[in-house]
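Spelled out from the first residue to the last, the chains are:
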Amino acid sequence: MKIVDAAWEKRNLGVSCYEINVEKEDSFSLLTDALENYKADYMVVKLPAGMVEHSFFLQDHGFYFIETMTLCQYNLQRPMNLSSLQQRMVSDFTYQEMKEEDLQELFEEIKKGMFHTDRVALDPFFTSDQSTNRYIGWIKDELQHQSSIYKVENKKGQSVGFFGYKEVRKDTGCSFLGGLYTAKKNLGLGTNLHYYAWQEGKKRGHKRFDALFSSNNRGATVVSMSLGYMLEEQYYVFVKHGKTETSN
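The residue numbering used here restarts from 1 in each chain and proceeds along that chain's sequence as written. In view of the model being predicted, local features appear only for residues whose pLDDT reaches at least 70, and side-chain atom pairs are presented and counted only at 80 or more, with totals across whole chains, interfaces and linings using the full set of residues. Note that water and hydrogens are dropped before the side-chain values are worked out from all heavy atoms of the structure.

Trainee: Which residues make up the sheet that holds strand β1 (residues 2-5), and what values do they have?
Mentor: The strand order β1-β2-β3-β10-β4-β9-β8-β7-β6-β5 describes an open sheet built from 10 strands, whose pairing is mixed. Edge positions in the open sheet fall to β1 and β5 (93-97), since each of these has one partner strand only. Mean inter-strand twist for the sheet, computed between neighbouring axes without regard to direction, equals 25°. A pair of strands is considered paired only if DSSP assigns at least 2 bridges between the two. Secondary structure elements follow DSSP: runs of H or I of four or more residues count as helices, runs of E of two or more count as strands, with numbering from the N terminus. The pairing of strand β2 (residues 17-21) with strand β3 (residues 42-48) spans 5 bridges and is classified as parallel. Pairing of C17 across the sheet is with Y42, part of β3. Note on contacts: a residue pair is in contact if any heavy atoms of the two residues lie within 4.5 Å. Under this scheme, a helix contributes an axis fitted over its contacting stretch, all axes are lines through C-alpha atoms, and angles between N-to-C directions fall in the 0 to 180 degree range. Each of β3 and β10 (230-241) is contacted by helix α3 (residues 52-60), which is oriented at about 160° to β3, the strand it contacts most. Lying on the sheet, helix α5 (residues 100-111) is in contact with β5, β6 (148-154) and β7 (159-169); it crosses β6 at an angle near 80°.

Trainee: Can you explain the confidence of the model for the protein? Please cite residues and give values.
Mentor: A score from 0 to 100, pLDDT tells how confident the predictor is in each residue. The predicted model of the protein averages 91 in pLDDT, with 98% of residues at 70 or higher. Counted against residues more than four places away or in other chains, residues 244-248, with its pLDDT under 50, gives 12 contacts.

Trainee: Could you give an account of the pairing of β6, naming the residues involved and the relevant values?
Mentor: Any residue under 20% of the maximum accessible area for its type is buried, any over 50% is exposed, and the rest in between are partly exposed; the area is computed with a 1.4 Å probe on protein chains only. Within β6, 7 of the 7 residues are buried, which leaves the element mostly enclosed by the surrounding structure. Judged by which residues are buried, β6 turns out to be covered on both faces: S148, Y150, V152 and N154 on one side and I149, K151 and E153 on the other are all buried. Here 5 bridges tie β5 to β6, and the two strands are oriented antiparallel to one another. Within β6, the position partnered with Y95 by the bridge is V152. Pairing of β6 with β7, which is carried by 6 bridges, proceeds in the antiparallel orientation. Along β7, the bridge assignment pairs Y150 with F163. Linkage of β6 to β7, two consecutive antiparallel strands, is achieved through a turn of 4 residues, within which G157 is found at a positive phi near 80°.

Trainee: Give a detailed account of the environment of F28, specifying residues and quantitative values.
Mentor: Summarising the element assignment, F28 is placed in helix α2 (residues 28-37). Taking the C-alpha atoms as reference points, F28 and F126, 98 residues apart in sequence, are found 30 Å from one another. In this structure F28 touches E53, H54 and F57, once residues within four positions along its chain are discounted.

Trainee: Describe the packing of aromatic side chains, and please don't skip the residues or the numbers.
Mentor: Pairing of aromatic side chains requires ring centres within 6.5 Å, counting the rings of Phe and Tyr and the six-membered ring of Trp. Pairs whose planes differ by under 30 degrees are stacked, by over 60 edge-to-face, and all others tilted. This structure, assessed with the given rule, holds 18 aromatic pairs. Note on F209 and Y229: the rings are 6.2 Å apart at their centroids and 55° apart in plane angle, and the pair reads as tilted. Here F209 is found in strand β9 (residues 208-214), whereas its partner Y229 is found in the loop between α8 (218-226) and β10, with 20 residues between them in sequence. Through pairs of rings, three or more aromatic residues link up here, namely Y95, Y150, F163, Y195, Y196 and W198.

Trainee: Give me the nonpolar core: which residues, what numbers.
Mentor: As used here, the term nonpolar core means buried Ala, Val, Leu, Ile, Met, Phe, Trp, Tyr and Cys residues forming a set that is joined through side-chain atoms within 4.5 Å. Counting residues in each nonpolar core, the largest one holds 28 residues, and the members touching the most others are V152, F163, Y196 and F209. Taken together, the elements giving at least two residues each to this core come down to β4 (64-75), α4 (84-91), β5, β6, β7, α7 (190-203), β9 and α8. In contact with F163, not counting residues within four places along its chain, are Y95, S148, I149, Y150, V152, S175, L177, G178, L193, Y196, A197 and E200. L106, I136, F176 and L177 belong to the second-largest nonpolar core, a separate cluster that totals 16 residues.

Have a look at this one:
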């Protein structure tokens, strides 16, 4: 079990937060002890899919199920098989690392409601402004930790979306966040974000590429499966809004 004091959520959302990440071998009693000892305004518990007893316990104690997270991986040593339509589409675009003015454009797009399927955006306890603050804070934190943010643009130099990329292990990269700008969401361009993140991984010499997405984001699921990603893990996410005191 891994327990994270998500102190950044105080800045992003205005609440204290603990994230409890349960592992498959963790006993039922270990989870109950963790919930007794760690309390915050906002509690997040992530369970590997299939841990039914733990799931029922959480629901009996005021936790609400809010999403299933899926971790997929792609072997960068094999080609990405695109359809003829997808090949034509990606050939009309390119990507490059963002400059400061690009980041400001991204932040303005986020403020327009670019993200609306994650556990914070869908949670009635939070406002749209809090969700926006969280994404902007997340991106700024990643940039301070040597992650990169790339814009995807057409031949006219117009940005259509972005993706973030970071190295999670020596031979493994991860697209930790990405999305299409509001005016481009219904143009079928989601493949482009995955394709260019894949290209960036190959450029860096990575052997594997990870992608993580929510069950609430059907578009990300469809694109990932169509491009041949392999499912690695799934876990249920439960949340609770409660007390602030903690014994630690």
